[in-house]
Each structure stands twice: as structure tokens, then as C-alpha cells.
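Architecture at a glance
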Amino acid sequence: MVNYLKDFLLTIFFIFSPLVFYPYIYKYKNNLILYRFLILLLFSVIIVTIMSLPINIEGVVYDFRSIPVIVGSLYGGPIVSSILFSVIVVYRWVLGNPNTILYIVSLLPTIVIVFFCLRKFIQLNMYSRILLAVVLCTIMKMLTITIYLTILHNLDMVFNNLVETLQTYFVQALIVGICVYLVEFLNKYFYIQDEVYKSERIKLVSEMAASVAHEIRNPLTSVRGFIQLLAAENVDSTKKEYYQKICLEELERADHIISDYLSLAKSEPEIIEKINVKDEIEYLSHVLLTYATYNNIEIQTVISEDQDFLTMGDKFRLRQAFINIGKNAIEAMENGGMLEIKVSRKSQSVEIVISDTGIGMTPEQISRLGTPYYSTKEKGTGLGTMVSFSIIKKLGGKIDINSEVNKGTTYTFTFPAVVS
Ligand code: ADP
Ligand code: MG
């Protein structure tokens, strides 16, 4: 009995194992081909494992192959589904089971039903999805066995062990139900996390808007002044050229401010690529400069060495993280101060230090930093740091915080460096 139980638990373990990998697969949700390929790979491995380890407990065979086929089909779509059905047929043949053609014939009605349900599945809510998966698994098992055994004139086998057979259906329904519930739960969790990222980004963009508008007014005012000068009579040509040059430079500056700002507002699907940290820090200081000037704060950027520093990750997410941190630093210096941003290369990593001369934090406040809804600001959400820290940790970054009340705060981030 203990041995049977071991097999049984092992099979259940293999069925639930996709959930461990699911967060990694979910990351590629925007790349549909890769996402489906990974789903296919995962569920094929599970099918092969389950079919290689049949469980026979006191004469009752617990065959759970329908679970990975159905769950994989529902989440992977028609192509993945066709391949998963082929995998069970081919692997059954590899294992040396007889009547392959008969087995395919017995599977056909199920395949038609599953294909018919695939499109409906996407439109359903969580509980209906669980129900549909349970029903499809039951249909698959029942139809296949019934057709197969009827053609072989062996159907009595099922009726002889009716109670035990029903038991296997019940266990299968339970497992597939839990499996779909967990996948749905994870999907919902990731979806909410994405929404928090997005809403924080929108908050960031809207909070920076006033300073951007203000900062654009300056170049526009000077351009207006110079145009008036140009319009005056008896301006000699060298002066004209000089005024024009300044006008163009000022307009270019306004253009830069606007495009930096727009690039911050961009919300693109996650793309993992090599990030040039130096470029990003330069971008960061440009974007923050507007906000800092607006708040009477000076920015100093120190980039050691000319060499490029590279790390892997999503550029736009990294920007969001650093702008959050920089903005908090600026907001901590109500009476003006200095924001310093430093980048340097350590042996295997890239170090970014962001320090301010603001109000600082007590050790108790530091320990709460990064937890949701912790904010000391009237209009704060207390989600900015949480989002930033989770982005940085996702990129493999380490965070170190040093702060002293009324002196200032220093954040040190260390990212793994990659070679170009
Ligand atoms: P919000 O900015 O909306 O309040 P955050 O998650 O960005 O939310 O920040 C949470 C809290 O952490 C802030 O309200 C502030 O009290 C504190 N904090 C963050 N960065 C600093 C800093 N550089 N100096 C002082 N306090 C900070
Ligand atoms: Mg903030």
C-alpha cells in the first residue's frame, strides 16, 4: 500500500509541477509563440512522465493523462492541443501498447469536443473554467475508454469494477479542478501586479507633468524674446545668426524635455534585453532635472570610466524604478538640496548610488520601506517603492539603504554586469 501511495503522490506531484514553472512561462505571455511553445513543452513532459509511471492500486488503474492534455490544450490553444494529443498517441505506441489506430479512433470524438470548447474557455470566468476542465477531463477518459473497449468487446471490464472506476473519475476531477484553480489564481495575481505597475507609472507621469510644463515655458519665453529682437529693424546679420542659433537651441531643449517625458509615459510590454546602464543614468538625470529644478534642487551625476556598463532586463521598467527612487529623494528635500547619482563598475557588477540631503528616515521607517501602502506623504500611495524594489529584484539587483534623520538617504543598487 505504501508503495502505491508513493506512486500516487509522485504522479500528483508531476501534475502540479507546472505551477512551479508557470511564473517563468507567464513572463513570456506577450510573446505568444514562445508562451505556447513553453506550455507545450511543459505539458508534454508531464504526459510522458505520467504515462511512464502508471499507478495500479489494488487492481484499479489511475490514469491521469487526460489532465495535462486538457489543461495544456485549454491554456495553449488549438495547435498545442493537437500536438499534445499526438504526444499521447505516439508515446503510447513507444511504450509498446497495441491497437494504435483503434486508440486514435477512440480519441477522435474527444478531440472534436475539446476543439469546440477551446474558444469558449477564454470567455469564461474562473469557476466556469474549472467546471469546463473537469467536464472535459471526464469526457475524455469516459469516451476514449468506452469506445476503445466497445470495439474490443471488452466493456464488461468497466462494469465489473464500477465503484473503483467511479473513484478514479472522482480523484481526477478533484486534481484537475485544483490545477486550473491554481493556474487561474496565479494569472490573477500577475495581472494585478501588472496593473499596480501601470497605475504607478501613470501616477509618476502625471506628477511630473507640472514640472515639465514649467520647464518648457522657459525655452519658449526666450525664443519669444529673440523673435522680437529679430523683428526689430537694423539688426546686423551676425546678430541675426546668433539669435537664430539660440532660438534653435532653446527649441531643441524643449523638444528633448518633451521626448524624455513621453518616453517615460510609454508603457510597452516587457522586453528583456541588454541595458546600457550609463545611458539609462543619463536619461534618469535628464528626466529628474526638470523635476529637481522645479523643486530648487541641484543634481550631480558622476559616471566613472568611459566604458559601457551592461545589465539584462526591461529598460522601461528600470527607468520607472529609478525615477520613483529619484523622485522620492527630491521630495525628501523640501528646502532644497543636492541629489547625487553615481555609477561605477565593480568586478562582476554595476553599482548605482542615489543619495540625497533630505529629511532621512529612522531605522523603523527604513524597515517599512517597500511594503505596500507605507507613505508619509499627504497624497502618497506608498506603492512607488514597492514597485521599484520588485523591478530591481527581478533584474537580479541588490538594494542597500543608509539613512540618517535630517542628514539624508543613500540607496546603493548592485546589478549583475553582463559582457557586451
Ligand atoms: P509615496 O512616494 O507615494 O509616499 P513611496 O513608496 O514612493 O510612496 O515611498 C514611501 C515612503 O518612503 C515615502 O512616503 C517616504 O516617507 C519614504 N521615503 C522614500 N524615499 C525616501 C527618501 N529618499 N528620503 C526620505 N524618505 C523616503
Ligand atoms: Mg514615491
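Residues numbered from 1 in each chain as written. Chains lettered and ligands numbered in written order. Predicted model: local features only at pLDDT ≥ 70, side-chain atom pairs only at ≥ 80, totals over all residues. Heavy atoms only, no water.

- As recorded by an unreviewed UniProt entry, the protein chain carries the name histidine kinase and is attributed to Bacillus carboniphilus.
- According to the UniProt record, the Subcellular location (unreviewed entry) comment for the protein chain is "Cell membrane".
- The protein chain has a UniProt comment under Catalytic activity (unreviewed entry) that states "ATP + protein L-histidine = ADP + protein N-phospho-L-histidine." (UniProt positions renumbered as here; feature names shortened; annotations may be inferred.)

**Some details on the UniProt feature "transmembrane region" (unreviewed entry) in the protein chain**
- Sequence positions flagged by UniProt for "transmembrane region" (unreviewed entry) are, in local numbering, residues 7-26, 32-55, 67-94, 100-118, 130-149 and 169-191.
- Annotated as 100% helix and 0% strand, the span residues 100-118 places its first and last C-alpha atoms 26 Å apart.
- Secondary structure content for residues 169-191 is 100% helix and 0% strand, and the end C-alpha separation is 33 Å. (Helix = DSSP H or I, 4+ residues; strand = E, 2+ residues; numbered from the N terminus.)

**Quick notes on the packing of helix α9 (residues 162-231) against helix α10 (residues 237-265)**
- Running from N to C, α9 and α10 point in directions that differ by 170°, and their axes come no closer than 9 Å. Relative to α10, α9 is oriented roughly antiparallel. (Axes fitted to C-alpha atoms, helices over the stretch in contact; angles between N-to-C directions. Parallel < 35°, antiparallel > 145°, perpendicular 65-115°, else oblique.)

**Focus: the pattern of salt bridges**
- Scanning all chains against the criterion turns up 13 salt bridges.
- Between Asp194 and Arg317 there is a salt bridge, with the nearest N and O atoms lying 3.7 Å from each other. With Asp194 in helix α9 and Arg317 in helix α12 (residues 315-331), the pair connects residues that are 123 residues apart, well separated along the chain.
- Classification of Asp194 as partly exposed rests on a relative accessible area of 29%.
- Its salt-bridge partner being Glu249, residue Lys245 comes within 3.7 Å of it at the nearest N-O pair. Highlighted residues: Lys245 and Glu249, both in helix α10, separated by four residues, approximately one helical turn.
- Since its relative accessible area comes to 44%, Glu249 is described here as partly exposed.
- When salt bridges with common partners are traced through the structure, they connect Lys203, Glu207, Lys327, Glu331 and Lys377 into a single cluster. (Salt bridge = Lys/Arg side-chain N within 4 Å of Asp/Glu carboxyl O. Buried < 20%, exposed > 50% of the residue type's maximum accessible area, 1.4 Å probe, protein only.)

**Comments concerning the packing of aromatic side chains**
- In this structure the tally under the stated criterion is 13 aromatic pairs.
- Seen in terms of ring centroids, Tyr411 and Phe413 are 5.8 Å apart; in terms of plane orientation they differ by 5°. Their pairing is stacked.
- By way of ring pairs, the aromatic residues Phe322, Phe389, Tyr411, Phe413 and Phe415 are connected into one cluster.
- Across the ring face of Tyr283, the terminal group of Arg319 is positioned such that the distance to the ring centre comes to 3.9 Å. (Phe/Tyr/Trp six-rings, centres within 6.5 Å; stacked < 30°, edge-to-face > 60°. Lys NZ or Arg CZ within 6 Å of the ring centre and 35° of its normal.)

**Quick word on the sheet that holds strand β7 (residues 349-356)**
- In space, the five strands of this open sheet follow the order β4-β6-β7-β9-β8, with mixed pairing throughout. Looking at strand neighbours, the two that pair on one side only are β4 (297-303) and β8 (398-404), the edges of this open sheet. Direction aside, neighbouring strands of the sheet carry axes that sit 10° apart on average.
- Taken together, the seven bridges between β4 and strand β6 (residues 337-345) define a ladder with parallel strand orientation. In the sheet register, Thr301 faces β6, and the bridge partner there is Ile341.
- Lying over the sheet, α12 contacts β4, β6, β7 and β9 (408-416), oriented at roughly 165° with respect to β9.
- Contacting β8 and β9, helix α14 (residues 384-394) runs over the sheet at an angle of about 140° to β8. (Pairing = 2+ DSSP bridges. Contact = heavy atoms within 4.5 Å.)

**Quick look at the nonpolar core**
- Among the nonpolar cores identified, the biggest contains 61 residues, and Phe64 and Ile88 are the most heavily contacted of them.
- With ten residues, helix α7 (residues 126-151) is the largest single contributor of residues to this core.
- For Phe64, the contacting residues outside a window of four places in its chain are Phe8, Thr11, Ile15, Ile50, Ile55, Thr168, Val171, Gln172 and Ile175.
- Listed in part, the 49 residues of the second largest apolar core include Ile216, Leu318, Met361 and Ile401. (Core = buried A, V, L, I, M, F, W, Y, C linked by side-chain atoms within 4.5 Å.)

**Digging into the site of ligand 1**
- In the region of ligand 1, 20 residues are neighbours, and Asn328, Ser375, Thr376, Lys377 and Thr385 sit closest.
- In the environment of ligand 1, an oxygen atom lies 2.7 Å from a nitrogen or oxygen atom belonging to the side chain of Asn328.
- The fraction of the free accessible surface of ligand 1 (540 Å²) that becomes covered by protein chains is 96%.
- Because more than half of its atoms lie within 2 Å of the grid, ligand 1 is assigned to the second largest pocket.
- Put simply, the parts of the chain that give the shell around ligand 1 at least two residues each are α12, α14 and β9.
- In the shell around ligand 1, the residues fall into seven nonpolar, ten polar and three charged. (Near = heavy atom within 4 Å. Polar contact = N/O pair within 3.5 Å; in protein donor to acceptor, adjacent residues only side chain to side chain. Areas by Shrake-Rupley, 256 points an atom, 1.4 Å probe, with all protein chains shown as cover. 1 Å grid on protein atoms, 1.4 Å probe; cavity = no way out; pocket = protein on both sides within 12 Å on 5 of 7 lines; lining within 4 Å. Sits in = over half its atoms within 2 Å of the grid points. Nonpolar A, V, L, I, M, F, W, Y, C, P; charged D, E, K, R; others polar.)

**A few points about the layout of surface pockets**
- Size it by volume and the largest pocket reaches roughly 1200 Å³.
- The wall of the largest pocket is formed by 37 residues, among which Val61, Asp63, Ile145, Leu149 and Met157 lie closest to the centre.
- Counting only elements with at least two residues in the lining of the largest pocket, the list comes to α3 (32-52), β2 (60-62), α7, α8 (156-160) and α9.
- Per-element accounting of the lining of the largest pocket gives the leading share, eight residues, to α7.
- As for the second largest pocket, its lining consists of 38 residues, of which Asn328, Glu331, Ala332, Thr376 and Lys377 are closest to the centre.
- Elements that contribute at least two residues to the lining of the second largest pocket include exactly α9, α11 (277-294), α12, α14 and β9. (Points joined across faces, edges and corners; volume = space filled by probe spheres on them.)

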